[in-house]
Amino acid sequence: MTTQALDEIKIGGLGSSRKRVEDDRFIRGKGNYTDDVVLPGMLHMEILRSPLPHARIKSIDTSKAWAVPGVHLVLTGEMMATRNLAWMPTLSYDTQAVLATDKVRFQGQEVACVIADDPYIAKDACELIEVDYEALPPIVNPWQGLEPDAPVIRDDKVGQDGNVIYNWEVGDKAGTDRAFEQADLVSKLELHYPRSHPSPIECCGSVADFNRATQKLTVYMTTQAPHIIRAAVAMVAELPEQMIRIISPDIGGGFGNKVPVYPGYVCSILASILLERPVKWIEDKTGNLISTGFARDIYLKGEMALRKDGKILGVRMHTDADHGAFFSDAQPSKFKIGLMHSAFAAYDIPAAHLTARGVYTNKAPGGVAYRCSFRVTEAMFFQERMVQAAAADLGIDQAEFRRMNFVRDDDFPHRTPFGFLTDSGQYAKCLDVGLKAIDYENFRKEQAEARKQGRLLGLGISTMTEPLGAGNSREYDILGIKMFDSAELKIHMTGKAILRTGAKSQGQGHETTWAQIVAHELGIPADDITVEEGDTDTAPFGMGTYASRSTPVAGAAVAMVSRKIRAKARKLAAHLLEVSEEDVEWELGRFYVRSAPQRGVSIQECAMAAYSNMPDGMEPGLENTAYYDPPNLTWPFAVYIVTVEVDRETGVWDVLRMVAVDDCGVRINPMIVEGQIMGGLTEAYAMASMQFITFDADGNCVGSNYMDYLLPSAWETPGYELHSEVVTPCPHHPIGAKGIGECAAVGGPAAFVNAVMDALEETGVRNIDMPVLPDRVWEAITYRRDVS
Ligand code: MCN
Ligand code: CUN
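On a predicted model such as this, the values are computed, not experimentally measured, just so you know.

**Q** How would you sum up the overall build of the protein chain? Please name residues and give values.
**A** If you tally the helices and strands in the protein chain, you get 19 helices and 34 strands. Its C-alpha atoms give the protein chain a radius of gyration of 28 Å, within 12% of the compact-globule value 28 Å for 788 residues. Dimensions of the protein chain, computed from C-alpha atoms along their principal axes, come out at roughly 85 × 75 × 50 Å. Considering only contacts within the protein chain whose residues lie at least 6 apart along the sequence, 79% involve residues at least 24 apart. Working note: accessible area of the protein chain is about 28,500 Å², and carbon and sulfur atoms make up 51% of it. Of the charged side chains in the protein chain, 77 are positive and 106 negative; the average position of the first set lies 3 Å away from that of the second.

**Q** Explain the sheet that holds strand 8 (residues 130-135) residue by residue, including any values.
**A** Across the sheet, which stays open at both edges, the 3 strands sit in the order 6-2-8 with antiparallel pairing between neighbours. With partners counted over all chains shown, the strands left at the sheet margins are strand 6 (103-104) and strand 8, one partner each. In this sheet, strand 6 lies alongside strand 2 (residues 55-61) in antiparallel orientation, the contact comprising 2 bridges. Bridge pairing in strand 6 places Arg56 opposite Lys103.

**Q** Describe the pattern of salt bridges, and please don't skip the residues or the numbers.
**A** Pairing is possible between side chains that carry opposite charge, provided their charged atoms lie close to one another. Under the criterion given, the structure shown has 58 salt bridges. The salt bridge partner of Arg500 is Glu532, with a shortest N-O separation of 2.8 Å. Of the two residues, Arg500 sits in strand 24 (residues 497-501) while Glu532 sits in strand 25 (residues 529-533), which places them 32 residues apart along the sequence. Residue class for Arg500 comes out buried when judged on its relative accessible area of 13%. A relative accessible area of 32% means that Glu532 is categorised as partly exposed. When the shortest N-O distance is used, the salt bridge between Glu587 and Arg590 registers 2.8 Å. Overlapping salt bridges, with partners in common, bring together Arg56, Asp94, Asp102, Lys103, Arg105, Arg154, Asp155, Asp156 and Lys157 in one network.

**Q** Before we move on, can you summarise the site of ligand 1 with the specific residues and values?
**A** The full set close to ligand 1 counts 34 residues, and Gly254, His510, Ser550, Thr551 and Gln676 are the nearest of them. For ligand 1, a nitrogen atom lies 3.1 Å from a polar atom in the backbone of Gly507. A distance of 2.7 Å separates an oxygen atom of ligand 1 from a polar atom in the side chain of Ser550. Relative to its unbound accessible area of 840 Å², ligand 1 is 96% covered by the protein chains.

**Q** Pulling in residues and values, what's your account of the side chain of His192?
**A** Locating His192 in the fold gives a position in strand 10 (residues 185-193). A distance of 3.0 Å separates polar atoms of two side chains, one belonging to His192 and the other to Asp297.

**Q** Any chance you could break down the nonpolar core for me, citing the residues and the numbers?
**A** Counting 146 residues, the largest nonpolar core has Phe344, Tyr640, Val646 and Trp653 as its most contacted members. With 11 residues, helix 18 (residues 743-759) is the single largest residue contributor to this core. Each residue touching Phe344, except ones within four places of it in the same chain, is listed here: Met304, Val315, Met317, Ile349, Gln383, Met386, Val387 and Pro417. Core analysis: the second largest hydrophobic core is formed by 51 residues, Leu14, Ala519, Ile524 and Leu576 among them.

**Q** Run through the environment of Ala112, naming residues and quoting values.
**A** Position of Ala112 among the secondary structure elements: in strand 7 (residues 110-116). Taking the relative accessible area as the measure of exposure, Ala112 reaches 0% and is therefore buried. Once the C-alpha coordinates of Ala112 and Val558 are considered, the two residues, 446 residues apart in sequence, prove to be 44 Å apart. Look past the residues within four positions of Ala112 in its chain and what remains in contact with it is Glu46, Ile47, Leu48, Leu75, Thr76, Leu99 and Ile129.

**Q** Would you mind going over the site of ligand 2 in detail, with residue names and values included?
**A** For ligand 2, the full set of nearby residues is Gln224, Phe255, Gly256, Val368, Ala369, Tyr370, Arg371, Cys372, Ser373, Tyr546, Ala547 and Glu742. Its residues assigned to classes, the shell around ligand 2 comprises 7 nonpolar, 3 polar and 2 charged.

**Q** Kindly report on the sheet that holds strand 28 (residues 596-602), identifying the contributing residues and their values.
**A** Hydrogen bonding along the main chain pairs the strands of a sheet, whether they run parallel or antiparallel. Read across the open sheet, the 3 strands follow the order 26-27-28; overall the sheet is antiparallel. Only two strands of the sheet have a single neighbouring strand rather than two, namely strand 26 (584-587) and strand 28. Here the average twist between neighbouring strands, direction ignored, is 35°. Looking at chain direction, strand 27 (residues 590-593) and strand 28 are connected through 4 bridges and run antiparallel. When the sheet's bridge partners are listed, Phe591 is paired in strand 28 with Val601. Each of strand 26, strand 27 and strand 28 touches helix 15 (residues 550-577); the most contacted strand, strand 27, lies at about 45° to it.

**Q** Outline the packing of aromatic side chains, listing residues and values.
**A** The relative placement of two aromatic rings is captured by the distance of their centres and the angle of their planes. Counted under the stated rule, the structure contains 22 aromatic pairs. Where Trp143 meets Tyr299, the ring centres are 5.0 Å apart and the plane angle is 65°; that geometry is what we call edge-to-face. Here Tyr299 lies in strand 15 (residues 298-306) and Trp143 lies in helix 5 (residues 142-146), a separation of 156 residues in the sequence. An angle of 45° between the planes, with centres 6.5 Å apart, marks the rings of Trp653 and Phe752 as tilted. Placement of Trp653 in strand 31 (residues 653-663) and of Phe752 in helix 18 is noted, with a sequence separation of 99 residues between them. There is no split in this pair, since Trp653 and Phe752 are both buried. These aromatic residues form a ring-pair network of at least three members: Phe344, Tyr347, Phe406, Phe412, Tyr427 and Phe637.

**Q** So what's going on with a nonpolar patch on the surface? Residues and values would help.
**A** There is a patch of nonpolar side chains on the surface, built from Met493, Met608 and Tyr611 and spanning about 260 Å² of accessible area. Checked against the element boundaries, Met608 lands in helix 16 (residues 603-612).

**Q** For helix 7 (residues 226-236), give the residues involved together with the corresponding values.
**A** Counting buried positions along helix 7 yields 8 of 11 residues, so the element is predominantly enclosed. Looking only at helix 7, the buried set comprises Pro226, His227, Ile228, Ile229, Arg230, Ala231, Val233 and Ala234. In the core, the buried residues of helix 7 are packed alongside strand 12 (216-221), strand 13 (244-247), helix 8 (263-275), strand 21 (477-478) and strand 22 (481-482). Looking one or two places after helix 7, you find Glu238, whose phi comes out positive at around 55°.

**Q** Before we move on, could you go through the side chain of His510 and cite the residues and values that matter?
**A** Tracing the backbone through its elements, the reader meets His510 in helix 14 (residues 510-522). Overall, the relative accessible area of 5% leaves His510 in the buried class. There is a polar contact of 3.1 Å between the side chain of His510 and the side chain of Glu533. Not counting residues within four places of it along the chain, the set of residues in contact with His510 comprises Glu22, Ala503, Lys504, Ser505, Ala515, Val531, Glu533, Thr545 and Ser550.

**Q** Could you give an account of a negative patch on the surface, with specific residues and numbers?
**A** Where like charges cluster on the molecular surface, the negative patch consists of Asp397, Asp439, Glu441 and Glu446. Assessed through its relative accessible area of 47%, Glu446 is described here as partly exposed.

Thresholds applied
- Residues numbered from 1 in each chain as written.
- Chains lettered and ligands numbered in written order.
- Predicted model: local features only at pLDDT ≥ 70, side-chain atom pairs only at ≥ 80, totals over all residues.
- Heavy atoms only, no water.
- Helix = DSSP H or I, 4+ residues; strand = E, 2+ residues; numbered from the N terminus.
- Rg over C-alpha atoms; globule rule 2.2 N^0.38 Å.
- Contact = heavy atoms within 4.5 Å.
- Areas by Shrake-Rupley, 256 points an atom, 1.4 Å probe, with all protein chains shown as cover.
- Lys, Arg positive; Asp, Glu negative; His and termini not counted.
- Charge placed at Lys NZ, Arg CZ, Asp CG, Glu CD.
- Pairing = 2+ DSSP bridges.
- Salt bridge = Lys/Arg side-chain N within 4 Å of Asp/Glu carboxyl O.
- Buried < 20%, exposed > 50% of the residue type's maximum accessible area, 1.4 Å probe, protein only.
- Near = heavy atom within 4 Å.
- Polar contact = N/O pair within 3.5 Å; in protein donor to acceptor, adjacent residues only side chain to side chain.
- Core = buried A, V, L, I, M, F, W, Y, C linked by side-chain atoms within 4.5 Å.
- Nonpolar A, V, L, I, M, F, W, Y, C, P; charged D, E, K, R; others polar.
- Axes fitted to C-alpha atoms, helices over the stretch in contact; angles between N-to-C directions.
- Phe/Tyr/Trp six-rings, centres within 6.5 Å; stacked < 30°, edge-to-face > 60°.
- Patch = residues over 30% accessible without salt bridge, like charges linked within 9 Å, V, L, I, M, F, W, Y side chains within 5 Å.

Take a look at the structure:
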């Protein structure tokens, strides 16, 4: 027995930029997505959507659709209602129509479904359904919704008065008022974070398969949280939970779009139960863009109390959130992190107060969408725009102003102005790395020179920390289910293994990175470990993947279950080495005798012994499960710096450079982390420069296709310079990792907008709302006014 300690990087452990194992099948076209699922006797479902944003339904005539050869079923709200399925609960304890019964409340709302032999017949038959609508005036923004004579959108709700969903406040009002009384200067900013859409390549879909003989319901679907769906189906459809199997196969991008429950899922399930045949529903792109979980759409107003020397004394904020017709994103009174109160966590600010109002409008409902982590995106955007405006009002350098107000390295854990506890960070160090990389002093000189020649150069900084990794079960739950996550590890006889978790990758690379954590903890080469997620019949119960929670929670469970396995392997090693357990030491992949280090056994030998040579009285096998309930969220930090040149004549702006310094603690796979950052920065650039979904006065959705809704291609996307030298391990995570999935999309937009605003300093313009389109910039330059 002469095993040696292993080289962690060689076995694909922590810190190895191991190639993504899932990509082998993705790039060869061998992925298995929901639409790839084909079952014997399968039927196809299409949805009829409302052309009107707000209308009373007088009648629905489905007779012509029923008459089409090949049609098996036509579902309407009335039929759903007989089974108590016309409405379903949302994440925020509101209700959402599955199929409309009384009214339609947004353009694209689901009105009826046809199930037929093929999707084309189903689509044609949908068009034969006659719906008699009585149009009502549409409400396309919160201000219209708040007018005294505005039509009440949710007249289905008992006790609903007008269109206000909630009025909520948090923070220290009296303390904040005092801070403003003591201020030398008050800086103000107002802006709109427009509605956007995650727009994953794959749209939503499901294949429901109810087998009357076995009573088992199997649903393949594009969900980021299969166990939550199983629980919801069990509760809403009153089916026994063990008879429901939810399978999330490969997912072609989620970005939060695949968190909510959509009517299409529910209707395909009911149709399969009624017809006793598999029913497939695959949404088209327009359906996806106009009806599924959008992101943002928040109006923000804030002010900052400042001392002459640059100290921030207090912050006041108000938001008006446009939630669409059904309130389905997380609300802070129901879910702790939400709306804007994660803001200003990186700064040491004595007092803050936030008021928030949510309003129903005739738009699609929102969700936990687009790398938002429950509206953290809007919070960080407002924070960094406000900080830039305050620095400019004070006449203090932007970088210096941030640095002087940062929470200091020795101040952790730190209570944020809204009461969260941040864990760790080296904020000033990250900023220094960023400033050095962009050559800050030199750029300022160049900028001054360029101004003399009439050229507009700008530099924008965004620094932020965001809460990632819900939850801890004390404070976070979804519809009453406490938030934690899980991992199950089974080591086979030959030392190979299978790992399952309660998370669900949609492209983030969990199959690659989870194996790396096991390799780190046990010394089993990552290539010897299969990772499986997304099947509720096999995976341990977990809350799924969103809010960049997988590494903070499921990833921690992977480390913990590996440690449980190691504890048992140690007993096996002692038995094989014929020494007592206390005399056994561990190094990567190997146990050895303390007094005779050359005598050792490998983890693989222990695995074999677990099935072939265990000590008397020991339970055979080498497998275990861990449920992890994190003590806190993780708080990664980032600095994004952008330089731009703006063309005075056309308003076109080009990114000159973009530097990103991300500190997400220990990086499991540096290459995957960089991929996550680049993806997020590209989304940030998209939102800042081109992407939004808007509505005309009649409530028509503009942005329902890729002609109107722009995604940046490789041609537009700027190059990024990434820096990874600052690593502050998360003090409460077993391997010191923090989440990274959303950071760049959350922190990035403000860097781009701040850069353009910096270039326009001479105009005195305070704000141009996103997307910062050339015509808006031109208007700002030409008329010297804010543009929204
Ligand atoms: N990682 C790492 N080291 C760290 C942190 C993370 O190596 N310190 C790795 C992880 O192991 C994982 C990836 O980076 O492989 C992202 O991890 P994490 O930050 O834990 O985020 P999640 O896995 O929970 O992913 C969710 C997050 C969210 S909320 C959105 S939205 C988003 C995002 O991930 N959607 C994505 N990135 C996406 N990337 C792709 N390709 N597709 C999506 O739909
Ligand atoms: Cu907010 S989008 Mo991600 O949490 O799935």
